[in-house]
Amino acid sequence: MSLVAPSLTPSAGADAGDASRRRSSVTTLELLSRLRRAIGLTGMLFSAAAIVLGLMSFAVSIGYDQINDDLRFVRAQRAIGLEIQTAGENLDRIAVGLLGGKLSQRTMTESVTLLVQWENAAKRFFAICPDILPQPNDLTRRVEHLCTEFALFSQRFEPALQKYAETGAVVSEDLYSALLDVSKRTGQTAQAIDSAFTTRYAELVDSHNRFAPAMLVSTVGFLFAGVILIIVLARAATRHHVASQAAIAASVDAQRSRQQLLDAIATLPVGFALYDRDERLVLFNQASSDMTAGGLTPQDVGVRYETLLDRAIEVVQSREPERDFDEVRAANVARFRRRDAVTEERTEAAGRSFRYINSRTADGGTVVIKADITTLKQSEAVALANERKYQSLVNSLADTVFSLDREGSFTYVSDRVVDLLGYRADELLGRSVLEVFHPLDRPLLAGVVTQLRAARGKVEAFTCRLLRKDGGYRLTEIRVAAPEKHANGGGEWAMIGIGRNVEAQHQMERSLHDRMERLNSIVQSTGAFFLLVGRDLRVVMANNGFLEFAGAREEEIVARPFTEIVNCPIEPAVIDAWLAAEPDQELQPLALDGPLVNTRGETRTIRFTVNPVRGDSGRVEHIVLLGVDETDRRRTELELFNASRLATLGEMASGIAHEINQPLAVICLAAEYLLDELRETADATLVGESRPFIDEQCTRIIAQAERAATIIRDLRGFARKPDEASERIDVRIALRTAANMVSEQLRLAGVKIERDVSAECPAIFGHASRLQQVIINLILNARDAILDGTARTGSIVLRARATPLPGQVAIIVEDDGPGIPDHVLPRLFEPFFTTKPTGKGTGLGLSISYQIVRNMGGSIVADNRPEGGARFTITLNAAPEPADEVTQTAA
Ligand code: ADP
C-alpha cells in the first residue's frame, strides 16, 4: 500500500502571509517576554545596566576625546608659538650678526634656514589657528599680519642675503630695521600666543582632570556590565543551544512520527483520504484508492472532491447505466460537507457494506475514512441468528436464566420467569434482584454475593424463597456464578445464573424425609436387631437395638466385616451367589439362629432373617440381617410345651389313677385279707414252711400297693384344677409348718434346716397345704442331694422376702449339696425325670411342684449357687392388704 502525500500542510504562500501577520502582531511586550525567556530577568537587568553604562562611557569618552584633541592642538600651538619665539630670537641673532658684519657663510645659511623655519612655523600656526580659535581674533590677525609682513620681508631680505653672500655687501639699514621690527613683533606675537594658549591649556587640563574619574568609572562599569552581559548571554546562548538541540531532536522525532503516522495511515485496512479546506485531495492511502470506483492516482492530489466523485460515478454508471446517481451524488456531497463527525453505514454494489466516517480537521480540511464492513456485517448477521437461536434455546429450558449487573439489577431474564414468578421478563429488566427475594432470605443472598466475589467463576447453589407477582412465594433453587473478568460479557453482567422451581421436589424430599424418619424410627425402635451390610460384607449401619444389646457405639461396628460382629452361620457360597445374581434371578431369604453374647455376658439365641436387597440396577447392593432375640420366647415355648405336656399327663394320670385305684384297692384288700387269713389260721400245716414266705410276700404286696396308691394320690393331686378357693397365706407360718413336718426325717438323716424369713415379708395368696407340699418336696430333694454328695451332711436354708419388683414374694430353698448338673437343669421340671435309683425317685416331685406354683399364679426356677449347692426360687404374688382385699371382694 502506498500513500500519496505531497504536503500535509497548506501552501507556502499562505504560510508566509500568516507568518507576516503573526510578526506584525508581535508587540513590544511579547518581545520583552521573549527576551526575558531567552536571557532571564538578571540578563535583562544587566543588559540594561550595560547599555546605560556603555552610553555613559561613550558620551564621556567623546567629551574626553574632544578635550584630548583640544589639548593636543593647544600643545601643538604652544609648540608653534615656541617655534615662532625661537624664530624671532634667531631673527634677533641674524640681526645682531648682520649688524656686526660678522655673518659667515654658515651664519647666512642658518639665517636663511631660520627664516624658513619661522615662516613655516608661522604658516602652520596660521593653519591650525582656525581649529582652536574659530573666530578670528586679535591674535590671529596679528599673526596673519606678521606673516604677511614676514613674507614681504623675506622677499626683500632673501636677495639682500643673497647679495651679501655673494659680495659681502652689507645689508641696508632699512632692511636691518625691518628685520629688528619683525623680530621684535615676532617675539611679542609669540608671547601673546603663549599667554593665550597657556590659559586655554590650563583650562583644558582642568577639564581633562575632571573628566578622568568619570571616564574611569563609566569605563569600568561598562566593562563590568559588559562582562556580566557576556556571561548572561553565554548562558542564554548555552540554554538556547540546548533548547535548539532539543528542538532539533524534537523536530527529528516529529518528522519520524509524521513519517510513522503516514506509514500507519498507508497500512490502515480502511480507506483514508484527507482533503484541504478547499475540498482538494491532499493525501490518500491504497485502501482508499481500492475502494474508489476507478481508483485514485498521485495525479489526483489537488483535485477537488466533487470532481473525483463525478469521475467515480461515471465509472459505476458505465457498469449500471440504468441507475440514477443524482441522489447518490447529492448524498455523498452532503455527507462530505457536514461539519460534525459523521458515521454512516451503506450497502453498495455487489452487496458490499461500507462504513463512512467523515470528520473535520482543525484547519478546516476533511478526513474521509471508509471501511469495508461486509465481513463484519455478515458476522453480525450470524451472531444475531445465533443469539436468536440461543434465546429460543434458553426460553425452552425449564429453568429461568438471568444475569445481573454490578448493582444487582436484572440485565437479562429468560421468558420462563413467567412460570416461576408470574412476571414477564421485560417487567423485571432493570429492577433489583432484592425486590423478588423474600425479606428473610436477603441475608442469604448477601452471603452468597460475598462468596462469589471472593471466588470468581465458582458456582454457588442455594435454595431460597422468591416473591411472586401475586404476593405468594416460590421455593427456588438458584445456581449462580460471578464469571471471571474475561468471560464477564465485557463487564455487562456481574452475575449469571439459573433459577429452578423446586417446590414439588422440596415437598417430595420432605415426604421422603418423613418416610425415612418413620422408617428409621421403626428400625430404631423395633425390638429387633437391624444390621445393614454392604457388598464388601462390611457393616453399613446398625440400629440402636443392636448397639444397646452389644453395648457398642455405631462407629465401632460400622465398616467392620459383619461376620466379626454376629456369629451368624451363613454359608459364604450363598452370599457369593447373591452378590453374583442376575437382576431377574429369584433370591430366597435365609432364616437361621446365631448365638450372641449381650453386655451382661449372657448368651442369647438370636433368630436372624438374612435378606438380599437389590439396588436400582437389580444387583444385590446390601444384605439386611434382621435379628430377634428368641431366647425368652423359646423358653416360654418350651415351658408352654412342658405345661401342655404336663396337662396332658395330668389328664392321663387322673384317668390312670382312677382306673388303677380300683384294682389296686382290690389287690391291697386281697393281700390284707390273705394275710389276715394266714395269721388267723391255726392250722400251721396249711401253709407249712411257706408261711413266713407268704407272710412276707403279702406284706410286700400291701406295701407296694400302698405306695402305688400314694403315687396315684399324688397324680390325682397333680391333676387337680386350680379353681379351689385361694386364701391368704402367712409365708412365715407356711415355711415353719413345712419344716416341722420333715424335721424328724432331717434330724435322722443328719441334715440341718434353717429359716430366714424377713419380718416385712408380705403374705401371699394361694393354697397353704399345696404350698407346704411344694416346700416339703424341695426340702426332701435337697436332703437327698446332700446325702448323695460326698460330704453326706449339710444344711438347708428356707428364705422368704419381698422381691425388688413390687407385689411379689420370693421363697427360696437352697442347700449346700452337690448342686444340679448342667445336663439335668433343662429337664428338671419334666414329669418322671429322675436321677434317683429305680424305686426311690418317681420324677414327679418337681413337675407337680411346678404345676402347683403355676396354678397359684407364680413361677419356680432352679439354678446353682455360686458357692455350691442348688437353689430353687418360687415367686408368688403378694396378697393384697386386708383392706384392699375387702375392696377387691366387694368389687
Ligand atoms: P425324684 O425326687 O423322684 O427324682 P423330682 O422331680 O423331685 O423327682 O426330682 C427330679 C430330679 O431332680 C431328681 O432326681 C434329682 O436328680 C434332681 N434334684 C431335685 N432336687 C435337687 C437338689 N436339691 N439337688 C440336686 N438335684 C436335685
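Only a predicted model underlies this, so the values are computations on that prediction, with no experimental measurement involved.

Q: Quick rundown of a positive patch on the surface? Include the residues and the values.
A: Together, Arg406, Arg453, Arg456 and Lys485 make up a positively charged patch on the protein surface. Among the secondary structure elements, Lys485 is positioned in the loop between β10 (473–481) and β11 (495–501).

Q: Tell me about the site of the ligand, residues and numbers included.
A: If you check the shell around the ligand, you find 18 residues, and the closest are Thr834, Thr835, Lys836, Thr842 and Gly843. One nitrogen or oxygen atom from the main chain of Gly845 is found 3.4 Å from an oxygen atom belonging to the ligand. A distance of 2.9 Å is found between an oxygen atom of the ligand and a backbone nitrogen or oxygen belonging to Leu846. Its free accessible area being 540 Å², the ligand has 93% of it covered by the protein chains.

Q: Residue-level account of the packing of helix α7 (residues 305–319) against helix α8 (residues 326–337), with values.
A: Relative orientation of the contacting elements α7 and α8 amounts to 150 degrees, with a least axis distance of 11 Å. Our classification of the angle between α7 and α8 gives roughly antiparallel. As α7 runs across α8, the sense of the crossing is right-handed. Contacts from Tyr305, Glu306, Leu309, Asp310 and Ile313 in α7 reach Arg329, Asn332, Val333, Arg335, Phe336 and Arg337 in α8. Its residues placed into classes, the contact of α7 with α8 shows 5 nonpolar, 1 polar and 5 charged.

Q: So what's going on with helix α9 (residues 374–396)? Which residues, and what values?
A: Counting along an α-helix, one turn takes 3.6 residues, and residues three or four places apart therefore face a common direction. Taking 1.5 Å per residue, 23 residues should reach 33 Å; α9 reaches 33 Å between its end C-alpha atoms and fits that length. Buried residues along α9 sit in contact with β5 (353–360), β6 (366–372), β7 (400–404) and β8 (410–413).

Q: Residue-level account of the packing of aromatic side chains, with values.
A: Counting across every chain of the model gives 8 aromatic pairs. For the ring pair Tyr275 and Tyr305, a centre distance of 5.4 Å and an interplane angle of 85 degrees mean the geometry is edge-to-face. Residue Tyr275 is located in strand β2 (residues 271–275), and its partner Tyr305 is located in helix α7; the two are separated by 30 residues in the primary sequence. Residue class for Tyr305 comes out buried when judged on its relative accessible area of 9%.

Q: Residues and numbers for a nonpolar patch on the surface, please.
A: Together, Leu512, Met516, Leu519 and Ile522 make up a nonpolar patch on the protein surface, roughly 410 Å² of accessible area in all. Examined against the element boundaries, Leu519 turns out to sit in helix α13 (residues 503–525).

Q: Hey, could you go over the sheet that holds β11 for me, with residue numbers and the actual values?
A: Strand order in the open sheet formed by 5 strands is β8-β7-β11-β10-β9, and the pairing between neighbours is antiparallel. Sheet topology places β8 and β9 (459–467) at the edges, where each strand pairs with a single neighbour. The average angle at which neighbouring strand axes cross in this sheet is 25 degrees, direction not considered. Across 5 bridges, β7 lies against β11 in antiparallel orientation. When the sheet's bridge partners are listed, Val401 is paired in β11 with Ile498.

Q: Provide a residue-level description of the nonpolar core, including the pertinent values.
A: If you look at the biggest cluster of nonpolar residues, it comprises 46 residues, and the most contacted ones within it are Leu771, Ile796, Ile811 and Phe872. At the level of secondary structure, the elements contributing two or more residues to this core comprise α20 (731–749), β18 (751–757), α21 (768–788), β20 (794–802), β21 (808–815), α22 (845–855), β22 (859–864) and β23 (870–877). For this core, the element with the most residues is α21, which contributes 9 residues. Not counting residues within four places of it along the chain, the set of residues in contact with Leu771 comprises Ile729, Ala734, Ile764, Ile811, Met856 and Leu876. Core analysis: the second largest hydrophobic core is formed by 28 residues, Val533, Val566, Cys568 and Leu596 among them.

Q: Tell me about the pairing of β11, residues and numbers included.
A: By the bridge criterion, 6 bridges tie β10 to β11 in an arrangement that is antiparallel. Residue pairing across strands places Glu477 opposite Arg500, the latter belonging to β11.

Q: So what about unusual backbone geometry? Which residues, and what values?
A: The phi angle at Ala559 is positive, at roughly 80 degrees, despite the residue not being glycine. As for its placement among the helices and strands, Ala559 is situated in the loop between α15 (554–557) and α16 (562–565). Even without glycine at this site, Arg792 takes up a positive phi of about 60 degrees.

Q: Lay out the pattern of salt bridges in plain terms, naming residues and giving numbers.
A: Applying the stated criterion to the full structure yields 38 salt bridges. Residue Glu556 pairs with Arg553 through a salt bridge whose shortest N-O separation is 3.4 Å. Overall, Glu556 belongs to the partly exposed group, its relative accessible area being 34%. In this structure, Glu867 engages Arg865 in a salt bridge whose closest nitrogen and oxygen atoms are separated by 3.1 Å. A residue is classified by how much of its surface remains accessible, and Glu867, at 59% relative accessible area, is exposed. Arg865 sits in the buried class, given a relative accessible area of 15%.

Q: Break down α20 for me, with residues and values.
A: If you check α20, its first and last C-alpha atoms are 26 Å apart, about what 19 residues at 1.5 Å a residue would give, namely 27 Å. At Ser743, α20 shows its largest kink, close to 50 degrees. Those residues of α20 not exposed but buried are Val731, Ala734, Leu735, Ala738, Ala739, Val742 and Leu746. Structurally, α20 contributes buried residues whose contacts are with β17 (727–729), β18, β19 (764–766), α21, β20 and β21. The distance from a side-chain oxygen at the start of α20 to the backbone nitrogen of Arg732 is 3.0 Å, and the residue carrying that oxygen is Asp730. Positive backbone phi, approximately 75 degrees, marks Gly750, located one or two places after α20.

Q: Provide a residue-level description of the pairing of β6, including the pertinent values.
A: Within β6, 5 of the 7 residues are buried, which leaves the element mostly enclosed by the surrounding structure. By the bridge criterion, 5 bridges tie β2 to β6 in an arrangement that is antiparallel. Note on β6: the bridge partner recorded for Phe272 is Ile369. Here β5 folds back onto β6 in antiparallel fashion, the turn holding 5 residues, of which Gly364 has a positive phi close to 90 degrees.

Q: How would you explain the side chain of Asn598 if you had to name every residue and give the values?
A: As for its position among the elements, Asn598 is in the loop between β14 (590–597) and β15 (603–614). A polar atom in the side chain of Asn598 sits 2.8 Å from the backbone nitrogen of Glu602. Residues contacting Asn598, with those up to four places away along its chain left out, are Phe549 and Arg604.

Q: Please provide a residue-by-residue account of the sheet that holds β15, values included.
A: Reading across from one edge, β13-β12-β16-β15-β14 is the order of the 5 strands in this open sheet, with antiparallel pairing throughout. With one partner strand each, in any of the chains shown, β13 (539–542) and β14 form the two edges of the open sheet. Taken pair by pair, the neighbouring strands of this sheet meet at an average axis angle of 25 degrees, ignoring direction. Where strand β12 (residues 529–533) meets strand β16 (residues 620–629), 5 bridges bridge the pair, whose relative direction is antiparallel. Paired with Phe529 across the strands is Gly627, a residue of β16. Strands β14, β15 and β16 of the sheet are contacted by helix α17 (residues 572–579), whose axis makes an angle of about 140 degrees with β16.

Criteria and cut-off values
Residues numbered from 1 in each chain as written. Predicted model: local features only at pLDDT ≥ 70, side-chain atom pairs only at ≥ 80, totals over all residues. Heavy atoms only, no water. Patch = residues over 30% accessible without salt bridge, like charges linked within 9 Å, V, L, I, M, F, W, Y side chains within 5 Å. Areas by Shrake-Rupley, 256 points an atom, 1.4 Å probe, with all protein chains shown as cover. Salt bridge = Lys/Arg side-chain N within 4 Å of Asp/Glu carboxyl O. Lys, Arg positive; Asp, Glu negative; His and termini not counted. Charge placed at Lys NZ, Arg CZ, Asp CG, Glu CD. Helix = DSSP H or I, 4+ residues; strand = E, 2+ residues; numbered from the N terminus. Near = heavy atom within 4 Å. Polar contact = N/O pair within 3.5 Å; in protein donor to acceptor, adjacent residues only side chain to side chain. Axes fitted to C-alpha atoms, helices over the stretch in contact; angles between N-to-C directions. Parallel < 35°, antiparallel > 145°, perpendicular 65-115°, else oblique. Left-handed = near helix turned anticlockwise from the far one by under 90°. Contact = heavy atoms within 4.5 Å. Nonpolar A, V, L, I, M, F, W, Y, C, P; charged D, E, K, R; others polar. Expected span 1.5 Å × (residues − 1). Phe/Tyr/Trp six-rings, centres within 6.5 Å; stacked < 30°, edge-to-face > 60°. Buried < 20%, exposed > 50% of the residue type's maximum accessible area, 1.4 Å probe, protein only. Pairing = 2+ DSSP bridges. Core = buried A, V, L, I, M, F, W, Y, C linked by side-chain atoms within 4.5 Å. Bend = angle between axes of the 7 residues up to and from the residue.

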